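Spelled out, the chains give:
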Amino acid sequence: MSKRAVLMMTFGSPEEITYEGVAEFFTNIRRGVRPEPHKIQTLHDNYLRIGGTPLQRITREEVDLVASALGEQVSVYFANKFSRSFITDVITQMENDGIEECLCLILEPHYSYYSVMGYEKFLESEHIRFQIIKDWYREPSLLHYWADEIRKILDQIGDDSYKVIFSAHSVPVLALDFGDPYIDQIYDNSRLIAEDLGLREEQYTNTWQSESDIGIPWIKPDVLEYLRDEREHPDHYIFVPIVFISEHIEALFDNDVEC
């Protein structure tokens, strides 16, 4: 019987919240090109504003829960795309451990050429056969989780004057030209949750967030632009960042602080 494993992966985060720690992480994201000092400083200041990032802690808790649920059937490994432990290093460790088959779970529920495909290119080994879960946003447990959390808020506010804003990390408009499934998956995901909640069309909307300044247009509307352009505001906005399953800078700063 072949030795099997599960490899869980996430984007990564700075290994220490210092200027150079953030610079290293930012440089990894930019494929080895160090960003300009003012961009590093801005990102560093944003991390300080939210008190660091809980992404690694939360993800390791998730990994431990999966390992506990699977028992001794398989070994469970964890890697990051842009910070240690890097995917390539963990694959080397898996090879040394004699792993022959590996199921890969990327902790991003939607498939995008800009995200999930970026993990796939690291999954190479002469000794390990990889099987990748491409997307999993339609998993009933995940849909019910979001619906239940939104329902708790609706019960708490007890008010019909609200709008649910489903926000997702934006991607360049080029994604449309390449037929990237991500955009349609986001709309589908939002619709499924709204249907579960019985929301009317005017009670929810889709926006995009966290676009990078790389000199090309991104999918709109940006959540901040949407809020500024609204002529009349409800009493309550409920932000639902459906692409993220852990709190980290995109939710804790881009949603909690900026919005």
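Structural data are supplied above this passage.
Residues numbered from 1 in each chain as written. Predicted model: local features only at pLDDT ≥ 70, side-chain atom pairs only at ≥ 80, totals over all residues. Heavy atoms only, no water.

A closer look at a nonpolar patch on the surface
Item 1. A cluster of nonpolar residues, Tyr-113, Tyr-114, Met-117, Leu-174, Phe-178, Ile-214 and Ile-216, forms a patch on the protein surface that exposes about 640 Å² of accessible area.
Item 2. When you line up the elements, Tyr-114 lands in the loop between strand 3 (101–106) and helix 5 (116–120). (Patch = residues over 30% accessible without salt bridge, like charges linked within 9 Å, V, L, I, M, F, W, Y side chains within 5 Å. Areas by Shrake-Rupley, 256 points an atom, 1.4 Å probe, with all protein chains shown as cover. Salt bridge = Lys/Arg side-chain N within 4 Å of Asp/Glu carboxyl O. Helix = DSSP H or I, 4+ residues; strand = E, 2+ residues; numbered from the N terminus.)

Observations regarding the pairing of strand 3
Item 1. Note that strand 1 (residues 4–10) and strand 3 share six bridges and pair parallel. For Leu-7, the partnering residue across the bridge sits in strand 3 and is Cys-104.
Item 2. Taken together, the five bridges between strand 3 and strand 4 (residues 129–133) define a ladder with parallel strand orientation. Among the inter-strand pairings, Cys-104 is bridged to a residue of strand 4, identified as Ile-132. (Pairing = 2+ DSSP bridges.)

Overview of the sheet that holds strand 3
Item 1. Read from one edge to the other, the open sheet built from four strands follows the order 2-1-3-4, with strand pairing classed as parallel. Lying at the two open borders of the sheet, with one neighbouring strand each, are strand 2 (75–80) and strand 4. In this sheet, adjacent strand axes meet at a mean angle of 25 degrees when their direction is disregarded.
Item 2. Packed on one face of the sheet, helix 3 (residues 55–70) meets strand 1 and strand 2 and runs near 165 degrees to strand 2.
Item 3. Across the sheet, helix 4 (residues 87–96) lies against strand 1, strand 2, strand 3 and strand 4, angled at about 155 degrees from strand 2, the strand it touches most. (Axes fitted to C-alpha atoms, helices over the stretch in contact; angles between N-to-C directions. Contact = heavy atoms within 4.5 Å.)

A word on the layout of surface pockets
Item 1. Looking at the second largest pocket, its volume works out to about 490 Å³.
Item 2. Lining the second largest pocket are 18 residues, and of these Tyr-145, Trp-146, Phe-239, Pro-241 and Glu-247 sit closest to its centre.
Item 3. Ranked by residue count, the leading element in the lining of the second largest pocket is helix 6 (residues 140–157), at six residues.
Item 4. Tallied by class, the residues present in the lining of the second largest pocket amount to 13 nonpolar, two polar and three charged. (1 Å grid on protein atoms, 1.4 Å probe; cavity = no way out; pocket = protein on both sides within 12 Å on 5 of 7 lines; lining within 4 Å. Points joined across faces, edges and corners; volume = space filled by probe spheres on them. Nonpolar A, V, L, I, M, F, W, Y, C, P; charged D, E, K, R; others polar.)

With respect to the environment of Phe-253
Item 1. Here Phe-253 is to be found in helix 10 (residues 249–258).
Item 2. On the basis of relative accessible area, Phe-253 is assigned to the buried category, the value being 9%.
Item 3. C-alpha separation for the pair Phe-253 and Tyr-162, spaced 91 residues apart in sequence, amounts to 22 Å.
Item 4. Other than its neighbours up to four places away in sequence, Phe-253 contacts Asn-46, Arg-49, Ile-50 and Glu-258. (Buried < 20%, exposed > 50% of the residue type's maximum accessible area, 1.4 Å probe, protein only.)

Quick notes on the pattern of salt bridges
Item 1. What the rule picks out here adds up to 16 salt bridges.
Item 2. Between Arg-129 and Glu-101 there is a salt bridge, with the nearest N and O atoms lying 3.3 Å from each other. Linking Arg-129 in strand 4 with Glu-101 in strand 3, this pair joins segments that are 28 residues apart in sequence.
Item 3. On the accessibility criterion, Arg-129 (53% relative accessible area) is exposed.
Item 4. As a salt-bridge pair, Arg-191 and Asp-188 come within 2.5 Å of each other at their nearest N and O atoms. Of this pair, Arg-191 and Asp-188 both sit in helix 8 (residues 182–197), three residues apart, which is roughly one turn of the helix.
Item 5. By relative accessible area, Arg-191 is classed as partly exposed at 32%.
Item 6. A network of salt bridges, in which partner residues are shared, links Arg-138, Asp-188, Arg-191 and Glu-195.

A closer look at helix 8
Item 1. Here helix 8 is 16 residues long and its end C-alpha atoms lie 23 Å apart, about the 22 Å a rise of 1.5 Å per residue gives.
Item 2. Once helix 8 finishes, Gly-198 follows within two positions and takes phi at roughly 70 degrees, a positive value. (Expected span 1.5 Å × (residues − 1).)

Some points on the packing of aromatic side chains
Item 1. Counted under the stated rule, the structure contains eight aromatic pairs.
Item 2. With 6.0 Å between their ring centres and 85 degrees between their planes, Tyr-187 and Trp-208 make a pair best called edge-to-face. Taken together, the residues span a long stretch of sequence, with Tyr-187 in helix 8 and Trp-208 in strand 6 (residues 204–209) at a distance of 21 residues.
Item 3. A relative accessible area of 37% means that Tyr-187 is categorised as partly exposed.
Item 4. Where Tyr-237 meets Phe-239, the ring centres are 6.3 Å apart and the plane angle is 40 degrees; that geometry is what we call tilted.
Item 5. Three or more aromatic residues link up through ring pairs in this structure, and these residues are Phe-11, Phe-25 and Phe-82.
Item 6. Across the ring face of Tyr-119, the terminal group of Lys-81 is positioned such that the distance to the ring centre comes to 4.2 Å. (Phe/Tyr/Trp six-rings, centres within 6.5 Å; stacked < 30°, edge-to-face > 60°. Lys NZ or Arg CZ within 6 Å of the ring centre and 35° of its normal.)

That is the geometry; function is a separate question.
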